[in-house]
Amino acid sequence: MLSPYDRIAVALSGGKDSAALLHILTKIEERFPRVELIAITIDEGIRGYRREAIRIARENCKKLGVEQSIFSFKKLYNHTLDELAKIAKEKLQLTPCSICGILRRKALNVAAKEVGATKLATAHNLDDESQTILINIIHGDIWKLARVEPMITRPFPGFITRIKPLCRIPESEVAFYAYLQRIKFQESSCPYMRDTLRSHVRLTLNRLEVRYPGTKFKIIRSIEKIRPLLKGLVEVELKYCKICGEPSIKGTCRACEILSKIEN
Ligand code: SF4
């Protein structure tokens, strides 16, 4: 995933996974003097939640001596997630998490480019990845299913290669590491994280894992076997979004599509 000359942008939210990832990458970086680390934090604008996360993220960066850049939905998109969530529910029947995921993915690419990163590291763990696989199967979204991979790279200028170094580590082990290393992280959950499909899938997978240990690993391994077969079917050429200029599979990227529907 990494080369000795990378400038790695770490998506740092203030939660345990990204705080642990930053900690681990800082340790690895010590052995590679040409590698540079920079934390990028996205402020979605979630009242009563994100402010604390940003404070903790800032403290972690200070402690580890890592530079941090903060990018907000408000600045990038003119709206906070709280503002968008209300309108999107009425107009588009979209959940806050769906909008948040789409806008954050784009924000991370924009931010990674702005800080001159060669790689964008996110802290998706085994639980996140196995949940995403099941959700994509439930939605019948083959294209997204094929894209659940540890490293997403596209030979397209403006697309920053994404890596997920923790994608085979169970969430409980990441949490254990964070506690053992006395890493500070935000313990409260996002107020929007209720009654979503992901929360049901999470619960189901956790139950299955207790009864049939290894279930989450097996889901990942299954997709590793299936992915080469899907690739040919879903391979698409990237283009630049005609509104924002970001890499997109369609003429207008999903984020601009949603924003223009909300604003008009
Ligand atoms: S729970 Fe949903 S709304 Fe909250 S940060 Fe995560 S994706 Fe965004």
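Remember, it's a predicted structure, so these values are computed and weren't measured experimentally.

1. Description of the site of the ligand
At step 1: Around the ligand sit Leu81, Cys97, Cys100, Arg104, Cys190, Tyr192 and Met193, and that is every residue in its neighbourhood.
At step 2: No other element matches helix 5 (residues 96-114), which puts three residues into the shell around the ligand.
At step 3: In terms of residue class, the shell around the ligand is made up of six nonpolar, no polar and one charged.

2. Observations regarding helix 6 (residues 126-139)
At step 1: Over its 14 residues, helix 6 runs 20 Å from end to end, which matches the ideal 20 Å to within 8%, given 1.5 Å per residue.
At step 2: Every buried residue belonging to helix 6 is among Leu126, Asp127, Glu129, Ser130, Gln131, Thr132, Ile133, Ile135 and Asn136, and all of these are buried.
At step 3: Where helix 6 is buried, its residues contact helix 7 (142-146), helix 8 (171-180), helix 9 (197-211) and helix 10 (215-234).
At step 4: The backbone nitrogen of Asp127 has a side-chain oxygen 2.9 Å away, supplied by the residue at the start of helix 6, namely Asn125.
At step 5: Two residues or fewer after helix 6 comes Gly140, characterised by a positive phi angle close to 65 degrees.

3. Observations regarding the pairing of strand 2 (residues 36-43)
At step 1: Across the eight residues that make up strand 2, a large majority, six, are buried.
At step 2: At this point the chain moves from strand 1 (residues 7-11), through helix 1 (residues 16-29), to the parallel strand 2, and the crossover so formed is right-handed.
At step 3: Here six bridges tie strand 2 to strand 3 (residues 67-72), and the two strands are oriented parallel to one another. Across the sheet, residue Ala39 finds its bridge partner in strand 3, namely Gln68.

How each quantity is defined
Residues numbered from 1 in each chain as written. Predicted model: local features only at pLDDT ≥ 70, side-chain atom pairs only at ≥ 80, totals over all residues. Heavy atoms only, no water. Near = heavy atom within 4 Å. Helix = DSSP H or I, 4+ residues; strand = E, 2+ residues; numbered from the N terminus. Nonpolar A, V, L, I, M, F, W, Y, C, P; charged D, E, K, R; others polar. Expected span 1.5 Å × (residues − 1). Buried < 20%, exposed > 50% of the residue type's maximum accessible area, 1.4 Å probe, protein only. Contact = heavy atoms within 4.5 Å. Polar contact = N/O pair within 3.5 Å; in protein donor to acceptor, adjacent residues only side chain to side chain. Right-handed = clockwise from strand over helix to strand, strands pointing away. Pairing = 2+ DSSP bridges.

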